[in-house]
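What the coordinates show
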Amino acid sequence: MANDNEIAVRRFYEALSSGDGALADEALAAGWEAVPPLRTGGGPEGWKASIAHVRDVFSDLTVEIDHIVMNRDMVAVRAVSRGKHTGELLGVGGTGREVEFRAADFHQMVDGHIVRTWHLEDYFSIATQLGLVFTRGA
C-alpha cells in the first residue's frame, strides 16, 4: 500500500506525463527546490512551466516509473520518458523522431510533499537521438 510520500512522487511524474498542473500542486511544497535549478523557477509554478516546455518539445510525452526506492524522508526514482521530438531542444528544431530518455531523481519529503528534487537526465542520449554528432576536439 502506497504511503503519502509515494503518492506525492507518483503525482509529480503523472503531472509531467499528463500536463495536469493540479497534480504538481498536490505533490510539491510551496517552496519546492530543483537541483540543479530549473530555468523556469522554483516552487510548483516553476515545475508547471517546465512541464509545459517539455511537453511542447516532446508531443505525446509519456513517463513511466521503472523503480521507486524509499528510505525515511527520501524517495529515489528511475524513470523513462518517451515522446515525439516536435519542438526546439539543444539547438535542434523538431525532427519528428521518437525519442526515449531516462532520468534518476532523488526527492526529499516533508509531510507528504516534495520539498527538494535532485535530477539527473541522460541528455547525451537525447542529443544523439536528435542527430547531434560529437567529435573529439584537437
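Residues numbered from 1 in each chain as written. Predicted model: local features only at pLDDT ≥ 70, side-chain atom pairs only at ≥ 80, totals over all residues. Heavy atoms only, no water.

1. Let's talk about the overall build of the chain
When its secondary structure is counted, the chain shows 4 helices and 5 strands. Tracing the chain from N to C terminus, the helices and strands come up as α-α-β-α-β-β-β-β-α. In summary, the chain has a C-alpha radius of gyration of 15 Å against a globular reference of 14 Å for 138 residues, a match within 12%. Once the C-alpha set of the chain is aligned to its principal axes, its extents read approximately 50 × 30 × 25 Å. Burial status across the chain gives 38% buried among its 138 residues. Sequence separation of at least 24 residues holds for 52% of the intrachain contacts in the chain that already meet a minimum separation of 6. Per element, the accessible surface of the chain, about 7,800 Å² overall, is 53% carbon and sulfur. (Helix = DSSP H or I, 4+ residues; strand = E, 2+ residues; numbered from the N terminus. Rg over C-alpha atoms; globule rule 2.2 N^0.38 Å. Buried < 20%, exposed > 50% of the residue type's maximum accessible area, 1.4 Å probe, protein only. Contact = heavy atoms within 4.5 Å. Areas by Shrake-Rupley, 256 points an atom, 1.4 Å probe, with all protein chains shown as cover.)

2. Some thoughts on the nonpolar core
Core analysis: the biggest nonpolar cluster contains 29 residues, and Phe12, Trp47, Phe58 and Ile114 have the highest contact counts within it. Broken down by secondary-structure element, the contributors of at least two residues to this core are α1 (4–18), α2 (21–27), β1 (28–35), α3 (43–57), β2 (58–71), β3 (74–85) and β4 (98–110). If you tally residues by element for this core, the top one is α1, at 6 residues. Setting aside residues no more than four positions away along its own chain, isoleucine 114 makes contact with Ala8, Val9, Phe12, Ala27, Leu28, Ala29, Trp32, His107, Gln108 and Met109. (Core = buried A, V, L, I, M, F, W, Y, C linked by side-chain atoms within 4.5 Å.)

3. Description of the side chain of histidine 85
Position of histidine 85 among the secondary structure elements: in strand β3. Note on histidine 85: relative accessible area 0%, which makes it buried. At 3.5 Å, the side chain of histidine 85 and the backbone oxygen of valine 92 are in polar contact. If sequence neighbours within four positions are ignored, histidine 85 has contacts with Val57, Phe58, Val92, Gly93, Gly94, Thr95, Gly96, Arg97, Val99 and Leu130. (Polar contact = N/O pair within 3.5 Å; in protein donor to acceptor, adjacent residues only side chain to side chain.)

4. Some thoughts on α3
Taking 1.5 Å of rise per residue, 15 residues should cover 21 Å, and α3 covers 22 Å from first to last C-alpha, within 8% of that figure. Here the buried face of α3 lies against α1, α2, β1, β2 and β3. (Expected span 1.5 Å × (residues − 1).)

5. Overview of the sheet that holds β2
Strand pairing within a sheet occurs via backbone hydrogen bonds; the two strands may be parallel or antiparallel. One open sheet accounts for 5 strands, arranged β1-β5-β4-β3-β2; its pairing is mixed. Of all strands in the sheet, those with a lone pairing partner are β1 and β2, marking the two edges. Between one strand axis and the next, the sheet turns through 25° on average, direction left out of account. By the bridge criterion, 11 bridges tie β3 to β4 in an arrangement that is antiparallel. Across the sheet, residue valine 80 finds its bridge partner in β4, namely arginine 102. Along the sheet, α1 makes contact with β1, β2, β3, β4 and β5 (113–121), crossing β2 at roughly 165°. (Pairing = 2+ DSSP bridges. Axes fitted to C-alpha atoms, helices over the stretch in contact; angles between N-to-C directions.)

6. Thoughts on unusual backbone geometry
With an omega of 0°, the peptide bond between valine 35 and proline 36 qualifies as cis. Relative to the helices and strands, proline 36 resides in the loop between β1 and α3. Its identity is not glycine, yet aspartate 60 carries a phi of approximately 55°, on the positive side. Position of aspartate 60 relative to the elements: it lies in strand β2. Assessed through its relative accessible area of 63%, aspartate 60 is described here as exposed. Positive phi outside glycine occurs at leucine 90, with the angle close to 55°.

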